[in-house]
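# Report on the structure
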Amino acid sequence: MSMQKMRKPLGAAGVHAILGAYTVLALWPIFLVIANSFKERKAIFRDPLALPTIDSFSLIGFEKVLGKSSFGLYLFNSLSVTLITLAIVLLIGAMAAWALSEYKFKGNTLLSIYMAIGIMVPIRLGSVSILQLIVDLDLTNTRTALVLVYVAQSLPLAIFILSEFMRQIPGDLKEAARCDGISEYGIFFHIILPLVRPAIATVGVFTMVPIWNDLWFPLILAPSPETATITLGVQQFIGQYVTDWNSVLASLTMAILPVLIIYLIFSRQLIRGITSGAVK
Amino acid sequence: MKTTQTGWLGRFPWHIAVFLAPAVLIYTLFMIYPLLDSIRLSFFTADDSGAISYAGFANYVTILGDPEWRASFLNALYNNLVFFLVHMLVQNPVGLLLAALLSLPRLRLRSTYRTLIFMPTMLSVVIIGFVWQLILSPLWGISETLLYYVGLVDWFEPWLGQENTALVTLSLISVWQFVGIPMILIYAALLLIPEDLTEAAEIDGANHWHIFWHIKLPLILPTIAMVSILTFIANFNAFDLIYAVKGALAGPNFSTDIMGTLFYRTFFGFQLQLGSPTMGATVATLMFLVILVGVLFYLFGVQRRLRRYAM
């Protein structure tokens, strides 16, 4: 079947026109902000649609943002919270997924359903009690608080994806290991865990993106300047310097670019991860 | 080998407990317990010292009975419904269209389109909110200039600032950002359709339009239903975009107030009203009920019926 055959509703050119137009619509707001962040104030207003030229080029916004805010610290906070959460979710999520998908025991189905509740019910609805709990544990304004809540938030979907994945691991491997007298722990850590590696991309996307972008929990659990994540940091910074267009555009660009670069590098695995496993 | 064969009546299967314990503990302590405790708190009331006492349904009576509370609750619920409907009417159909085009056979640049269109979805809602705030700002004038180029400059209005347009504008910003999710999920479902089915129809002379409408669409209805319920849950739990663009007061004049922002204000207080954890828990429980109704409707009303029809 070729593109020519679909002439009836719209031809190949029509398909490309629609997809191309939508791509432009999806990209130009981001592009516009990035382009203007490299211009001096006058040029931002005089000719917002132009690219920065030698005359209009300026890094004043970036200098101001780096001078007035702890941008590096926000970035570090976001990175550490996200990566530590991901590591914990992968390890204990894989352990639980393994137990639920491999062993027959009383209450297995019930426990699987229990662990899946969090896929449908947003954790935010428990915020009042989460804050109380964090206060009781003396963890307010710590990254530990964020990690604990994010681990709980990410586990249900991670366990769901990882169990689906583990069910596809051929039984021979496990049986052979058991015949050799390897313990259940040895099987999990030496045979299963390395085999799960391909699922990490999928779990990674579903775990990291919501955490990196979250405003809610940093805002209520860890709003101090020392623990602010990049999303919260940018939100507060822009609230303060709302009229300083250079700073606003530069801080947005600095929040966008790292994600964009990582996304473009990993987009292939990432989208394959979404389309192949999890949700059918 | 399953544990049953080693006779787990004889000895306790410690390894299963060890594998399960960390995840079950953290999940129970930081997700299930707070959700249940929030529901419990909604039946309590706090006095000035902060000590709480059982109050039955008093909080619910206040929210649904007190004229001021009821007005703001119904306003948020209605606005949230509008927010959801805009997503259902714009985001999901556009996502479906893009997915259908992307899954056409022998399409060139397929992965480039897919990657680029999905890009805004990866960015923070807060960042996207600010980006569109700048673009729609009459100060900067970008939107006006663009409308001028296409001869529609008279149409320009400060959409984000007006009571009657702010909510729909914010909904459309959210649609713009998240259209990648229905697109990618529906696209994945379209890829799973066996080629034999479509090839047979092609031999019979059906064109792509017919194949999509009569063969593919019925097969991906379960995915569309799933996308709809995911949209519902996400929308009735939304907060970040409104807070970033409009603040906790969800202005102008609460015209963009949704359940998430109402929850935040009730919990933490605003202007002259003091924050109240117990009233906040009550709003959260009401949000939970709204989401529960949606999920149950999906599980028992939609999914079952679709299962029956799917092959």
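Reading guide: rules and limits
Residues numbered from 1 in each chain as written. Chains lettered and ligands numbered in written order. Predicted model: local features only at pLDDT ≥ 70, side-chain atom pairs only at ≥ 80, totals over all residues. Heavy atoms only, no water. UniProt positions renumbered as here; feature names shortened; annotations may be inferred. Phe/Tyr/Trp six-rings, centres within 6.5 Å; stacked < 30°, edge-to-face > 60°. Helix = DSSP H or I, 4+ residues; strand = E, 2+ residues; numbered from the N terminus. Buried < 20%, exposed > 50% of the residue type's maximum accessible area, 1.4 Å probe, protein only. Lys NZ or Arg CZ within 6 Å of the ring centre and 35° of its normal. Polar contact = N/O pair within 3.5 Å; in protein donor to acceptor, adjacent residues only side chain to side chain. Contact = heavy atoms within 4.5 Å. Domains from an automatic or database assignment. Buried area = accessible area lost by both parts, 1.4 Å probe. Salt bridge = Lys/Arg side-chain N within 4 Å of Asp/Glu carboxyl O.

In the nomenclature of an unreviewed UniProt entry, chain B corresponds to Carbohydrate ABC transporter membrane protein 1 (CUT1 family) from the organism Aestuariispira insulae. Heading Sequence similarities (unreviewed entry) of the UniProt record for chain B holds this comment: "Belongs to the binding-protein-dependent transport system permease family."

Looking at an unreviewed UniProt entry, chain A carries the name sn-glycerol-3-phosphate transport system permease protein UgpE, with the source organism given as Aestuariispira insulae. As stated in UniProt under Sequence similarities (unreviewed entry), the record for chain A gives "Belongs to the binding-protein-dependent transport system permease family." Per UniProt, chain A has the following entry under Subunit (unreviewed entry): "The complex is composed of two ATP-binding proteins (UgpC), two transmembrane proteins (UgpA and UgpE) and a solute-binding protein (UgpB)."

Summed over the entire model, instances satisfying the criterion amount to 38 aromatic pairs over all chains. With centroids separated by 6.0 Å and ring planes inclined at 65°, the aromatic side chains of Trp216 of chain A and Tyr264 of chain B adopt a geometry described as edge-to-face. In this pair, Trp216 of chain A is assigned in helix H11 (residues 216-221) and Tyr264 of chain B in helix H12 (residues 259-268), connecting two distinct chains. Here the aromatic rings of Trp132 of chain B and Trp176 of chain B are separated by 5.4 Å at their centres, their planes lie at 75°, and the arrangement is edge-to-face. Taken together, the positions of Trp132 of chain B in helix H5 (residues 125-136) and Trp176 of chain B in helix H7 (residues 166-178) put the pair 44 residues apart, joining distant regions of the chain. Since its relative accessible area comes to 12%, Trp132 of chain B is described here as buried. Three or more aromatic residues link up through ring pairs in this structure, and these residues are Trp216 of chain A together with Phe239, Tyr243, Phe263, Tyr264, Phe267 and Phe268 of chain B. Taking NZ or CZ as reference, Arg40 of chain B lies 5.2 Å from the ring centre of Phe44 of chain B, over its face.

Residue and element names in this part refer to chain B. Position of Gln177 among the secondary structure elements: in helix H7. Polar contacts involving the side chain of Gln177 include one to the main-chain carbonyl oxygen of Pro120, which spans 3.2 Å. Among all residues touching Gln177, those that are not within four sequence positions of it are Pro120, Thr121, Leu123, Ser124, Val125 and Ile128.

All names here are of chain A. Considered domain by domain, chain A is made up of domain 1 (3-58) and domain 2 (65-276). Placing a centre on the C-alpha atoms of domain 1 and another on those of domain 2 gives a separation of 33 Å. Counting residues at the interface gives 10 residues for domain 1 and 10 residues for domain 2. Between domain 1 and domain 2 lies a buried interface of about 820 Å² when both sides are counted; carbon and sulfur atoms form 75% of it. Inspection of the domain 1/domain 2 interface yields 0 salt bridges. At the junction of domain 1 and domain 2, the tally comes to 2 residue pairs in polar contact (both at pLDDT 80 or more).

Bringing the environment of Thr62 of chain B into the picture now. Mapped onto the elements of the fold, Thr62 of chain B is located in helix H2 (residues 58-65). Beyond its immediate sequence surroundings of up to four residues, Thr62 of chain B is in contact with Trp69 and Met279 of chain B.

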